[in-house]
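Topology and contacts: notes
Each chain, letter by letter, is given below.
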Amino acid sequence: MKLLKKIWIDLLVTIIILLTFFIEPRFIKYFLYIYTPLILIGRIIALTGLNIQKRNVSRAPNWLFHLLYAINVIVLAFNRWWVLCILWIIIWLLAFIYVARPKTPKKKLRRI
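In this numbering scheme, every chain counts its residues from 1 along its sequence in written order. Only residues with pLDDT of 70 or above have their local features reported here, since the model is predicted, and side-chain atom pairs are shown and tallied only from 80 upward, although totals for entire chains, interfaces and linings are computed over all residues. Water and hydrogen atoms play no part in the side-chain values, which are based on all heavy atoms of the structure.

On to the overall build of the protein. Numbering of helices and strands starts at the N terminus; helices are DSSP runs of H or I of at least 4 residues and strands are runs of E of at least 2. Counting secondary structure elements, the protein contains four helices and zero strands. Ordered by position from N to C terminus, the α and β elements of the protein give α-α-α-α. Each residue's exposure class comes from its accessible area (1.4 Å probe, protein chains only) as a fraction of the maximum for that residue type: buried when under 20%, exposed when over 50%, partly exposed otherwise. Looking at the protein residue by residue over its 112 residues, the buried ones come to 29%. For the protein, the proportion of contacts with a sequence separation of at least 24, taken over those separated by at least 6, is 76%. Per-residue accessibility takes into account occlusion by the displayed protein chains alone, with areas from the Shrake-Rupley method and a 1.4 Å probe. For the protein, the exposed surface amounts to about 8,700 Å²; the carbon and sulfur share of it is 71%. Note on definitions: a residue-residue contact is assigned when non-hydrogen atoms from the two residues lie within 4.5 Å.

Put into structure tokens, the structure is as follows:
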């Protein structure tokens, strides 16, 4: 249950993207054209270090996020929504860079 709390938004978006196989995708496409740039901006902000939230110590496994992003990219490519597919590939790449980047140690102030 703790795992679902950490990934619920990403899981919900993946489910919404998968729904394109079963319902009219026009409304989903509108949602994705709004949501995708927002998540892309969030990833860019996270990489610049201007992240408002602290990084959680207990997080969901990284492979789970990569799996969800892979499903998103495959479904978007299958639907031939190339712009969204490319944007999700960029989001996926930025997420990988964010996880793989070295953690910078905090500078400690010396007492005089």
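Continuing now.
What follows covers the nonpolar core. Ranked by size, the top nonpolar core spans 23 residues in total, and within it Val 13, Ile 17, Leu 32, Tyr 69, Leu 76, Trp 88 and Ile 91 carry the most contacts. Sequence-distant contacts of Ile 91, that is, excluding residues within four places in its chain, are made with Thr 36, Ile 39, Leu 40, Arg 43 and Tyr 69. In this description, a nonpolar core means a group of buried Ala, Val, Leu, Ile, Met, Phe, Trp, Tyr and Cys residues linked to one another through side-chain atoms lying within 4.5 Å.

Pairing of aromatic rings covers Phe, Tyr and Trp, the last through its six-membered ring, and needs centres within 6.5 Å; plane angles under 30 degrees mean stacked, over 60 mean edge-to-face, and all others mean tilted. This model, assessed by the stated rule, comprises four aromatic pairs. With a centroid separation of 5.6 Å and an interplanar angle of 10°, the aromatic rings of Phe 31 and Tyr 35 are classed as stacked. Separated by four residues within a single helix, Phe 31 and Tyr 35 lie in helix α2 (residues 25-48), roughly one turn from each other. Seen from their ring centres, Tyr 35 and Trp 88 are 6.4 Å apart, and the 25° between their planes marks the pair as stacked. With Tyr 35 in helix α2 and Trp 88 in helix α4 (residues 82-100), this residue pair connects regions lying 53 residues apart in the sequence. The buried category is assigned to Tyr 35, whose relative accessible area is 15%. Here the aromatic residues Phe 31, Tyr 35, Tyr 69 and Trp 88 are joined through ring pairs into a cluster of three or more. Two conditions define a charge located above a ring, namely a distance within 6 Å from the ring centre to NZ of Lys or CZ of Arg, and an angle within 35 degrees of the ring normal. Its end group placed over the ring of Phe 27, Arg 26 keeps NZ or CZ at 4.8 Å from the ring centre.

Here the focus is α4. Expected helix span is computed as 1.5 Å times (number of residues minus one). Compared with an ideal rise of 1.5 Å per residue, which puts 19 residues at 27 Å, α4 spans 27 Å between its outermost C-alpha atoms and is within 8% of the ideal. All of the buried residues along α4 are Leu 84, Cys 85, Trp 88, Ile 91, Leu 94, Ala 95 and Tyr 98.

Next up on the list: the confidence of the model for the protein. The predicted coordinates should not be examined in detail at positions where pLDDT is low. Across the protein, the average pLDDT comes to 83, with 79% of residues at or above 70. Highest mean pLDDT in the protein belongs to helix α3 (residues 62-78) (92); lowest belongs to helix α1 (residues 2-18) (84). Confidence scores per residue from the predictor, reported as pLDDT, run from 0 to 100.

Bringing the side chain of Thr 14 into the picture now. Positionally, Thr 14 belongs in helix α1. On the accessibility criterion, Thr 14 (3% relative accessible area) is buried. Of the polar contacts made by the side chain of Thr 14, one reaches the backbone oxygen of Asp 10; its length is 2.9 Å. Any pair of N or O atoms that falls within 3.5 Å is considered a polar contact. Within protein, one atom must be able to donate a hydrogen and the other to accept it, and sequence-neighbouring residues count only if both atoms are side-chain atoms.

Take the packing of α3 against α4 next. To define axes, lines are fitted to C-alpha atoms, for helices over the stretch in contact only, and angles between the resulting N-to-C directions are given on a 0 to 180 degree scale. Contact pair α3 / α4: the axes reach a minimum separation of 8 Å and the direction vectors enclose 165°. The angle between α3 and α4 falls in the class roughly antiparallel. Judged by the twist between their axes, the crossing of α3 over α4 is left-handed. Together, Asn 62, His 66, Tyr 69, Ala 70, Asn 72, Val 73, Leu 76 and Ala 77 of α3 and Trp 82, Leu 84, Cys 85, Trp 88, Ile 89, Ile 91, Trp 92, Ala 95, Phe 96 and Val 99 of α4 make up the contact between the two elements. Grouping the amino acids of the contact of α3 with α4 by side-chain chemistry returns 15 nonpolar, three polar and no charged. Just so you know how the angles are binned, under 35 degrees is roughly parallel, over 145 roughly antiparallel, 65 to 115 roughly perpendicular, and the rest oblique. Each crossing gets its handedness from the near helix: less than a right angle anticlockwise from the far helix is left-handed, clockwise is right-handed. Note on residue categories: nonpolar means Ala, Val, Leu, Ile, Met, Phe, Trp, Tyr, Cys or Pro, charged means Asp, Glu, Lys or Arg, and polar means any other residue, Gly included.

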